Amino acid sequence: MEYWFSEHHTENVKFSVKVDKHLYSNENDLGRVDIFDSLEYGRILAVDGYIIFTERDEFIYDEMLAHIPMAVHKDARRILVFGAGDGGVIDELVKYDSIERIDLVEINDGVIEACRKFFPDVAVSLDDPRVNLYTDNALRFIRHIENEYDIIIVDSAGFYGPGESLLTREFYGSCYKALKEDGIMVNQHQSPFYEADRVETQKAHKRILTSFPISRVYQAHIPSYPSGYWLFGFASKKYHPVDDLDAARWNSLGIATDYYTTNLHVGCFALPAYVERALKDVEKIKD
Amino acid sequence: MDLLKKLKPMNQDKAPVYEALEEFRRNRVVPFDVPGHKRGRGNPELVKLLGKQCVELDVNSMKPLDNLCHPISVIKEAEALAADAFGAAHAFLMVGGTTSAVQTMVMTACKAGEKIILPRNVHRSVINALVVNGATPIYVNPDTDKKLGIALGMKISQVEKAIEENPDAVAILVNNPTYYGICSNLRKIVEIAHQHNMLVLVDEAHGTHFYFGENMPVTAMAAGADMASVSMHKSGGSLTQSSFLLAGPGVSAGYVRQVINLTQTTSASYLLMASLDVSRRNLALRGKESFRQVCEIAEYARKEINKIGGYYAYGKELINGDSVYDFDTTKLTVFTLDIGLAGIEVYDILRDEYDIQLELGDIGNVLAYISIGDRMREVERLVSALYDIKRLYSRDRTGLFDHEYINPQVVLTPQEAFYAVKEEMIPIRETNGRVCTEFVMSYPPGIPILAPGERITQEIIDYILYAKEKGCSLTGPEDERCERLNVIKEMKLY
């Protein structure tokens, strides 16, 4: 018997993973959550049929969302994380003793419950005493907050469905307002490779540009995501992502990583020509 | 009406037009009739655009599918079910928009030489109907809210005055509600009008949900009105351009059908009729619950928007027992002038910067249409976008545009004016004293400043120029910049 999970990366491209066992499936009005074991990628979390998290490559995504802003910000104590109910990003953040408080806002508490059960090693970080869980709509949570956080990490599931509101101008504007005067926001920015995804990347970039004075894009290799190539946004009120990197300070913390290094930090902001061009196209039409 | 329902309960699970179309499709009848695309085969691009399912339903009237010009089978059944669902004596499927329903009401109720009483903030389709049938409009001044700059309902005293002054009028038309959700005291108006042997026609373009939701303003049929036009495609969920015309027991259904047939297409779209059929079924079966959710969403949004500060999302507190007799809480209207932005500015920013399209923006307000298709997540976006707009764009409040109602002087009927010999494109400042042959509408407050056949006064000229200067949107005249007007040619006797 062969049992395969397939995700359409475009109408004409399919990514398939051989499944060993389907462990969990639950659907509510916020979406469908599936968890299964695969032979190549280990345990996988999929929401609405899209791979969100695999045991095999989650370290890349989570490290790139957590360590990039942490290595730039001089004194990050209060962190706000949207999405990330799997606990992967939190797992990286709790490695920093200097962080005092991590607020996690996930609208679908079904994801958190399922991950606690099926990814106990990662989700254990959600029990860290500094972590506060809020089950709420991201926009409702953030719109009344001002000058509260040092870093906001937006771990949105995708451009459609419930995560869609995390990719809007009103959301980025609210994040700007909720950050302190030297605050940083990082977010996942989709892949620039396939055309439909690239348009969304450009839209997100343009919306962030209108809200933040500094907005840069960085990249990583994530095999289980469409095209295997992924972008992230770095938006900031004060710090430059590379010029303000304090490599010596970060390396002195002795945090063990598998993907992130301070050398890679500098390099990941250097983008391929076609990506630079796609971003410049929307930078020019700044409103 | 409830008693009547108990006497002859109808099965609202049925959707006769839709079911007949399904059966027709299963029978695989070979088409040697119109439409010429023949289930889409002759026009693959149309199939790509609309889908196979959709083009297969685009068929012609025939025996198993009945005929809207003279319904005897499935359309007749669908109309009976709709009448039952709306508490009407008769219901008519309409395929020319609610405009066609409104015009049928007017043309059923009055004819050339007769008078009809109208609130000045009527939809233009009403006055257009008068151009066609030659009746004379008698306008009632709607009350206005000075702060919000919107037209309200008719005061009972104003209605009584109009009736006293025009005892020969044959009908009165009422908006239930207005675009902004304002309701007049419909029951009382029906009572007074019927005492004077006048028919009551109700424009319920924005009130379909009143028939299905709980704790809603009274419906035309429940209030005893004679006819009502219900935009099923607005809050009822059917396809754009489909609508219901309702009639009470005092109106001859056969005569209404004749009036409808004066202007209605003889090739009525089955897509529109089937959409009315399934939408009526949906609302009859699930409307109460759906509109409970709509009200909850609108109420939540109102509360959240009022929390922001600076915006005013208004609700039932506007009710004053007369010109705001009731308020439709599904209409989410937000007054924006206190953050220093005109409604139309907020409306444009929302669309251009935030990808959020609202129903309307006027000088003082924006209106978000909340309906059975809305979800909380989009409402959260709207609230947050309004918050962000205030943060980024708010400024000191500029001068407020003050609307004073100008009593129209009706010199000729709309029909006489429309067909009269005209002098065209006269500069607006030179038109004092002349009789206008066209509409001039201003948004806000959406009340005609001039309708065909009305005397232009200096006061009206000043108002138009002021409204233009203040950035109001002026529509109606042949000259789209509204700098020139068409007027009646004056006969010089010498």
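Residues numbered from 1 in each chain as written. Chains lettered and ligands numbered in written order. Predicted model: local features only at pLDDT ≥ 70, side-chain atom pairs only at ≥ 80, totals over all residues. Heavy atoms only, no water.

**What to know about the overall build of chain A**
Phase 1: Summing up its helical and strand segments, chain A has 10 helices and 12 strands in all.
Phase 2: Relative to a compact globule of 287 residues, whose C-alpha radius of gyration would be 19 Å, chain A shows 18 Å and is just as compact.
Phase 3: The principal-axis extents of the C-alpha atoms in chain A amount to approximately 55 × 45 × 35 Å.
Phase 4: When each of the 287 residues of chain A is scored for burial, the buried share is 59%.
Phase 5: Positive and negative side-chain charges of chain A, numbering 31 and 48 respectively, have mean locations separated by a distance of 5 Å. (Helix = DSSP H or I, 4+ residues; strand = E, 2+ residues; numbered from the N terminus. Rg over C-alpha atoms; globule rule 2.2 N^0.38 Å. Buried < 20%, exposed > 50% of the residue type's maximum accessible area, 1.4 Å probe, protein only. Lys, Arg positive; Asp, Glu negative; His and termini not counted. Charge placed at Lys NZ, Arg CZ, Asp CG, Glu CD.)

**What to know about the overall build of chain B**
Phase 1: When helices and strands are counted, chain B shows 16 helices and 20 strands.
Phase 2: Scaling as 2.2 N^0.38, a compact globule of 494 residues should have a C-alpha radius of gyration of about 23 Å, and chain B matches this with 24 Å.
Phase 3: By principal-axis analysis of the C-alpha atoms, chain B measures approximately 65 × 65 × 50 Å.
Phase 4: Counting the 494 residues in chain B, one finds 57% classified as buried.
Phase 5: Across chain B, the fraction of contacts at a sequence separation of at least 24, relative to all contacts at a separation of at least 6, is 72%.
Phase 6: Looking at chain B as shown, the accessible area adds up to about 21,200 Å², and 51% of this sits on carbon and sulfur atoms. (Contact = heavy atoms within 4.5 Å. Areas by Shrake-Rupley, 256 points an atom, 1.4 Å probe, with all protein chains shown as cover.)

**A few points about the nonpolar core**
Proteins that are soluble and globular tend to have nonpolar side chains buried together.
Phase 1: Counting residues in hydrophobic clusters, the biggest one holds 92 residues, and the most contacted among them are Phe86, Ile117, Tyr211, Phe244, Leu246, Met273 and Leu350 of chain B.
Phase 2: Looking at this core, the element that brings in the most residues is helix 12 (residues 270-308) of chain B, giving 15 residues.
Phase 3: For this core, the domains that each give at least three residues are domain 1 (2-14 + 67-282) and domain 2 (286-393) of chain B.
Phase 4: Residues within four places of tyrosine 211 of chain B in sequence aside, it is in contact with Phe86, Glu204, Thr219, Ala220, Met221, Ala228, Val230 and Leu246 of chain B.
Phase 5: By size, the runner-up hydrophobic cluster in this structure holds 43 residues, among which are Ile68, Val72, Ile112 and Ile151 of chain A. (Core = buried A, V, L, I, M, F, W, Y, C linked by side-chain atoms within 4.5 Å. Domains from an automatic or database assignment.)

**Digging into helix 6 (residues 169-178) of chain A**
Phase 1: The buried count for helix 6 of chain A comes to 9 of 10 residues, which makes it a mostly enclosed element.
Phase 2: When helix 6 of chain A is considered as a whole, its buried residues turn out to be Arg169, Glu170, Phe171, Tyr172, Gly173, Ser174, Cys175, Lys177 and Ala178 of chain A.

**Considering the packing of aromatic side chains**
Phase 1: For the coordinates displayed, the defined rule picks out 24 aromatic pairs over all chains.
Phase 2: Taken together, a centroid distance of 5.2 Å and an interplanar angle of 20° make the contact between tyrosine 218 of chain A and phenylalanine 232 of chain A stacked. One end of the pair, tyrosine 218 of chain A, is in strand 11 (residues 214-221); the other, phenylalanine 232 of chain A, is in strand 12 (residues 229-236), with 14 residues separating them in the sequence.
Phase 3: The rings of Tyr61, Tyr218, Tyr225, Trp230, Phe232, Phe234 and Phe269 of chain A are connected pair by pair, giving a single aromatic cluster.
Phase 4: Across from the ring centre of tyrosine 139 of chain B, 4.3 Å away, lies the NZ or CZ of arginine 120 of chain B, which sits over that ring.
Phase 5: The ring centre of phenylalanine 418 of chain B lies 5.3 Å from the NZ or CZ of lysine 422 of chain B, which sits over that ring. (Phe/Tyr/Trp six-rings, centres within 6.5 Å; stacked < 30°, edge-to-face > 60°. Lys NZ or Arg CZ within 6 Å of the ring centre and 35° of its normal.)

**Observations concerning the sheet that holds strand 9 (residues 149-155) of chain A**
All names here are of chain A.
Phase 1: If you walk across this open sheet you meet the 7 strands as 8-7-6-9-10-12-11, and the pairing is mixed. Two strands lie at the open edges of the sheet, namely strand 8 (131-134) and strand 11, each paired on one side alone. Mean inter-strand twist for the sheet, computed between neighbouring axes without regard to direction, equals 15°.
Phase 2: Pairing between strand 6 (residues 78-83) and strand 9: 5 bridges, direction parallel. If you follow leucine 80 over to strand 9, its bridge partner there is isoleucine 152.
Phase 3: Packed onto the sheet, helix 7 (residues 195-211) meets strand 10 (179-188), strand 11 and strand 12 and runs at close to 150° relative to strand 11. (Pairing = 2+ DSSP bridges. Axes fitted to C-alpha atoms, helices over the stretch in contact; angles between N-to-C directions.)

**Looking at the interface of chain A and chain B**
Phase 1: Across the boundary between the two partners, chain A contributes 20 residues, which contact 18 residues of chain B.
Phase 2: Interface area, chain A with chain B, both sides summed: about 1,700 Å², of which 44% is carbon and sulfur.
Phase 3: In this assembly, chain A and chain B are joined by 6 salt bridges.
Phase 4: Measuring nitrogen to oxygen at the nearest pair gives 2.4 Å for the salt bridge that ties glutamate 353 of chain B to arginine 169 of chain A.
Phase 5: Between chain A and chain B we count 9 residue pairs in polar contact (both at pLDDT 80 or more) in total.
Phase 6: Contributing elements (two or more residues each) for the side of chain A that touches chain B: helix 5 (138-142) and helix 6 of chain A.
Phase 7: Sort the elements by how many residues they give to the side of chain A that touches chain B and helix 6 of chain A lands first, with 6 residues.
Phase 8: When grouped by side-chain class, the residues that make up the side of chain A that touches chain B number 3 nonpolar, 7 polar and 10 charged. (Buried area = accessible area lost by both parts, 1.4 Å probe. Salt bridge = Lys/Arg side-chain N within 4 Å of Asp/Glu carboxyl O. Polar contact = N/O pair within 3.5 Å; in protein donor to acceptor, adjacent residues only side chain to side chain. Nonpolar A, V, L, I, M, F, W, Y, C, P; charged D, E, K, R; others polar.)

**Concerning the sheet that holds strand 14 (residues 360-361) of chain B**
All names here are of chain B.
Phase 1: Within the open sheet, the 4 strands sit side by side as 11-13-15-14. Their pairing is antiparallel. At either end of the open sheet lies a strand with only one pairing partner, and these are strand 11 (312-313) and strand 14.
Phase 2: Pairing of strand 11 with strand 13 (residues 331-335), which is carried by 2 bridges, proceeds in the antiparallel orientation. Bridge pairing links tyrosine 312 to phenylalanine 335 in strand 13.

**Overview of the domain arrangement of chain B**
One frequently used descriptor of interface size is the decrease in accessible area upon assembly of the parts.
Phase 1: Each assigned domain of chain B is listed here: domain 1 (2-14 + 67-282), domain 2 (286-393) and domain 3 (414-488).
Phase 2: In this structure, domain 2 of chain B and domain 3 of chain B have C-alpha centres spaced 32 Å apart.

**Focus: the side chain of serine 174 of chain A**
Phase 1: Inspection of the secondary structure puts serine 174 of chain A in helix 6.
Phase 2: For serine 174 of chain A, a relative accessible area of 2% puts it in the buried group.
Phase 3: Apart from residues no more than four positions distant in its own chain, serine 174 of chain A is found in contact with Ile142 and Arg143 of chain A together with Ser384 and Asp388 of chain B.

**Brief notes about helix 9 (residues 186-195) of chain B**
Residue and element names in this part refer to chain B.
Phase 1: Looking only at helix 9, the buried set comprises Leu186, Ile189, Val190, Ile192 and Ala193.
Phase 2: Residues of helix 9 that are buried sit in contact with helix 8 (156-165), strand 6 (171-175) and strand 8 (199-204).
Phase 3: One or two residues past the end of helix 9 sits asparagine 197, with phi positive at roughly 55°.

**With respect to empty space enclosed by the protein**
Residue and element names in this part refer to chain A.
Phase 1: Enumeration according to the criterion identifies 5 cavities of 30 Å³ or more in this entry.
Phase 2: Considered as a void within the structure, the second largest cavity measures approximately 70 Å³ in volume.
Phase 3: Every residue along the wall of the second largest cavity is listed here: Ile52, Phe53, Thr54, Asp57, Glu58, Tyr61, Asp62, Asp86, Asp155, Ile222 and Tyr225.
Phase 4: For the lining of the second largest cavity, the secondary-structure elements that each account for two or more residues are strand 5 (50-54) and helix 1 (58-72).
Phase 5: There are two domains that each give the lining of the second largest cavity at least three residues, and those are domain 1 (4-54) and domain 2 (58-284). (1 Å grid on protein atoms, 1.4 Å probe; cavity = no way out; pocket = protein on both sides within 12 Å on 5 of 7 lines; lining within 4 Å. Points joined across faces, edges and corners; volume = space filled by probe spheres on them.)

**Digging into the state of the cysteines**
All names here are of chain B.
Phase 1: Scanning all chains against the criterion turns up 0 disulfides over all chains.
Phase 2: Cysteine 183 takes part in no disulfide bond, and the closest cysteine sulfur to it belongs to cysteine 295, at a distance of 12 Å.
Phase 3: We classify cysteine 183 as buried; its relative accessible area is 1%. (Disulfide = S-S within 2.5 Å.)

**A few points about the packing of helix 6 (residues 97-109) of chain B against helix 11 (residues 253-263) of chain B**
All names here are of chain B.
Phase 1: In the contact formed by helix 6 and helix 11, the axes pass within 9 Å of each other and the chain directions differ by 120°. Classified by the angle between their axes, helix 6 and helix 11 sit oblique to one another. Helix-helix and strand crossings are classified by hand; for helix 6 and helix 11 the assignment is right-handed. Seen from helix 6, the contacting residues are Thr104, Met107 and Thr108; seen from helix 11, they are Tyr255, Val256, Val259, Ile260 and Thr263.
Phase 2: A per-class count over the contact of helix 6 with helix 11 returns 5 nonpolar, 3 polar and no charged. (Parallel < 35°, antiparallel > 145°, perpendicular 65-115°, else oblique. Left-handed = near helix turned anticlockwise from the far one by under 90°.)

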